[in-house]
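Per-entry structural report
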Amino acid sequence: MKPVAKIKLPIEKEMELFEKKFRESMTSQVSLLNRITHYIVNRKGKQMRPMFVFLIAKMCDEGNVNERTYRGASVIELIHTATLVHDDVVDDSNRRRGFFSINALWKNKIAVLVGDYLLSKGLLLSIDHGDFDLLKIISVAVREMSEGELLQIEKARRLDITEEIYFEIIRQKTATLIAACCAMGAKSVNASEGQVENMRAFGELIGTAFQIKDDLFDYGDTAIGKPTGIDIKEQKMTLPLIYVLNNVSEKEKRWLINSVKNHNTNKKRVKEVITFVKENGGLDYAEQIMRSYQQKALLLLSDFPESPYKDSLMMMVNYVIDRKK
């Protein structure tokens, strides 16, 4: 059994019902919109975010979920989908999960409007049912995701960003939505404020570890095969590179910055950068930091009684670290 299927086992019934409710939450009077949302729903990914919502709700409330949990998961998925549709427009990307993106099939104007529609659907789903506490959680996440993207754009012009800024960017861009899923799950079953905060922190730790793992993929390893160097080509500042930039001589630092800035399309030079980062401990350092986030996340689960939901969440933490793609 694949790891994700194993993680999903204790919430299989809830995920099936969620799928049905999620489809219903997308319906519109406009047939063009229904065609597009049907296309989106049929090309969904692993659905890790709703899984976090259900697993945490059930862990916090002795295996129970309620309508608020389903709405919370739907809101997260609607808003997450909206951000992906908008991201593809911003990045001028024609593919998403191996399929054509919305903007590739229906052009940018329609893609932006579909993203806006999904965003408003998510907000109204909370407002119509008076879930203002859940709405606040997701609204903060959307604000932070936008700030994180803009912070990255602002700092991308300068390649000497600090580790502190790097962690702030990935906290906002990647970790904040997973943190919202986890807080949402706890909040939907009226967990204590302390538990909600702990689960938010748990999600943030996992989200950060997830991004560091993505950074490491760019350098390849025996399991994945060849390094891709895509982040270097796109001049993205990742943790292994930042660490090495801050721990080599001025001359080496100038060579690295010049390579990433001016020779990022030269395959030979990109390969040299990858080798240099590896030889100077960049990957080992990033791996060590990622493992420390993993341990902190597992520690936050230790106060909860044993349950299949807790086991699945622990598997999820380990899957984020050990996944092969």
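The notes below deal with the structure included here. Residue indices begin from 1 for each chain and proceed along its sequence in written order. Reporting of local features is limited, given that this is a predicted model, to residues whose pLDDT is at least 70; pairs of side-chain atoms are given and counted only at 80 or more, and all residues count toward the totals for whole chains, interfaces and linings. Side-chain measures were taken over the full set of non-hydrogen atoms in the model, leaving aside hydrogen atoms and water.

A short note on the pattern of salt bridges
Note the following rule: One speaks of a salt bridge when a side-chain nitrogen belonging to Lys or Arg is within 4 Å of a carboxyl oxygen belonging to Asp or Glu. Where helices and strands are cited, they refer to DSSP runs of H or I of at least four residues and of E of at least two residues respectively, numbered from the N terminus. Partly exposed residues are those whose accessible area sits between 20% and 50% of the maximum for their type, while under 20% is buried and over 50% is exposed, using a 1.4 Å probe and protein chains only.
Using the criterion set out here, one finds 19 salt bridges in the structure. Put simply, Glu149 and Lys173 hold a salt bridge, and the shortest N to O gap is 3.8 Å. On the criterion of sequence distance, the pair formed by Glu149 in helix α7 (residues 132-156) and Lys173 in helix α8 (residues 163-188) is long-range, its members being 24 residues apart. What makes Glu149 partly exposed here is its relative accessible area of 29%. Two residues, Lys310 and Glu306, come together in a salt bridge whose shortest N-O distance is 3.1 Å. Looking at Lys310, the relative accessible area reads 4%, which means it is buried. With a relative accessible area of 63%, Glu306 lands in the exposed category.

A word on a nonpolar patch on the surface
Convention followed: Grouping into patches uses exposed residues only, defined as over 30% relative accessible area, and leaves out salt-bridged ones; the cut-off is 9 Å for like charges and 5 Å for nonpolar side chains (Val, Leu, Ile, Met, Phe, Trp, Tyr). Areas reported as accessible are Shrake-Rupley estimates using a 1.4 Å probe. Residue values count occlusion only from the protein chains shown.
Taken together, the side chains of Leu124, Ile127 and Phe132 make up a nonpolar region of the molecular surface, amounting to roughly 280 Å² of accessible area. Inspection of the secondary structure assignment puts Ile127 in helix α6 (residues 102-128). On the basis of relative accessible area, Ile127 is assigned to the partly exposed category, the value being 39%.

A word on the packing of helix α12 (residues 250-262) against helix α13 (residues 267-279)
The test is simple: Each axis is a line fitted through C-alpha atoms, and for a helix only the stretch in contact is used; angles between axes span 0 to 180 degrees, taken between their N-to-C directions. In what follows, roughly perpendicular refers to angles from 65 to 115 degrees, roughly parallel to angles under 35, roughly antiparallel to angles over 145, and oblique to any angle outside these ranges. Take the far helix as your reference; a near helix turned counterclockwise from it by less than a right angle gives a left-handed crossing, and one turned clockwise gives a right-handed crossing. In what follows, residue pairs with any heavy atoms lying within 4.5 Å of each other are defined as contacts. Under the convention adopted here, Pro, Cys and the residues Ala, Val, Leu, Ile, Met, Phe, Trp and Tyr are nonpolar, Asp, Glu, Lys and Arg are charged, and Gly plus all remaining residues are polar.
With their axes 10 Å apart at the nearest point, α12 and α13 run at an angle of 135 degrees to one another. If you check the angle between α12 and α13, you find them oblique. As for the relative orientation of α12 and α13, their crossing is left-handed in sense. Contact with α12, carried on its side by Glu252, Trp255, Leu256, Asn258 and Ser259, involves Arg269, Glu272, Val273 and Phe276 of α13 and no other residues of that element. Within the contact of α12 with α13, the residues separate by chemical class into four nonpolar, two polar and three charged.

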